[in-house]
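Understanding the architecture of this molecule
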Amino acid sequence: MKTETSQIHRILQELRAGWLAGSGPQFAAAFAAQARFVAFDGTTLTGPREIASFHQRAFDSHLQGTALDVHIEEIRLVAPGVWLAWTKGGIMKANGSVLERTGESVQLFVFREHAGLIAIEAFQNTRLRPVMDSPSTEVWRQFDQRWNNRGI
């Protein structure tokens, strides 16, 4: 299992490198052919081509000059050749400035080994915005109202 977890760590490093390079194809290379990717906003993508295209548009605009900051919380073998990895992270300036960090989120990765290679089969990203009290409940309620009334 140590070899596999080392490969998972390497894959996450490759994701970071692709993000830092601003390369959608490089970022998406670690995803399996039919991988499902659920972004923080619920956008759902299938396969490296969609994942690369979606990210390239972002890297060329609002994510330009940013870096991915991801920390592994746990890796667990759940079946032969299948691992779950829970991570936390966010987006920061490419220079590593933690002061500029945004989008604090939690993620769940599903990794699967096939023909000796480990790839990402599924990914879920959720913004860390817990509803803990009346003010946070009100923020969520207002956002939902504005979203529903956005005129589309």
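Report on the accompanying structure. What you see is a predicted model; the values in this text were computed from it and never measured. (Residues numbered from 1 in each chain as written. Predicted model: local features only at pLDDT ≥ 70, side-chain atom pairs only at ≥ 80, totals over all residues. Heavy atoms only, no water.)

1. Some points on the overall build of the protein
Short version of the rule: Each helix is a run of DSSP H or I of at least 4 residues and each strand a run of E of at least 2, with the numbering of both proceeding from the N terminus. Working definition: with a 1.4 Å probe on protein chains only, accessible area under 20% of the residue-type maximum means buried, over 50% means exposed, and in between means partly exposed. In this analysis, two residues are considered to be in contact whenever any of their non-hydrogen atoms come within 4.5 Å of each other.
Summing up its helical and strand segments, the protein has 4 helices and 6 strands in all. Mapped from its N terminus to its C terminus, the protein presents α and β elements in the order α-α-β-β-α-β-β-β-β-α. Each principal axis of the C-alpha atoms in the protein carries an extent, and together these give about 50 × 35 × 35 Å. Within the span of the protein, comprising 152 residues, buried residues form 36% of the whole. Across the protein, contacts joining residues at least 24 apart in sequence account for 46% of those joining residues at least 6 apart.

2. A short note on the sheet that holds strand 3 (residues 66–79)
Short version of the rule: Only strands joined by at least two bridges in the DSSP assignment are considered to pair. Axis lines are fitted to C-alpha atoms, over the contacting stretch for helices. Their N-to-C directions set the angle, which ranges from 0 to 180 degrees.
Spatially, 6 strands are ordered 2-1-6-5-4-3 in an open sheet, and the strand pairing comes out mixed. Taken across any chain shown, the strands that pair with only one partner, and hence form the sheet edges, are strand 2 (44–46) and strand 3. Adjacent strand axes in the sheet meet at a mean angle of 15°, parallel and antiparallel pairs treated alike. Sheet topology places strand 4 (residues 82–93) next to strand 5 (residues 102–114); 9 bridges connect them, and they run antiparallel. Directly across from Ala85, in strand 5, lies its bridge partner Phe109. Sitting on the sheet, helix 1 (residues 2–21) touches strand 1 (31–38), strand 3, strand 4, strand 5 and strand 6 (117–127), and the angle it makes with strand 3 is about 155°. Against the sheet, helix 3 (residues 47–59) touches strand 1 and strand 2, its axis set at about 50° to strand 1.

The values are spatial; any link to function lies outside them.
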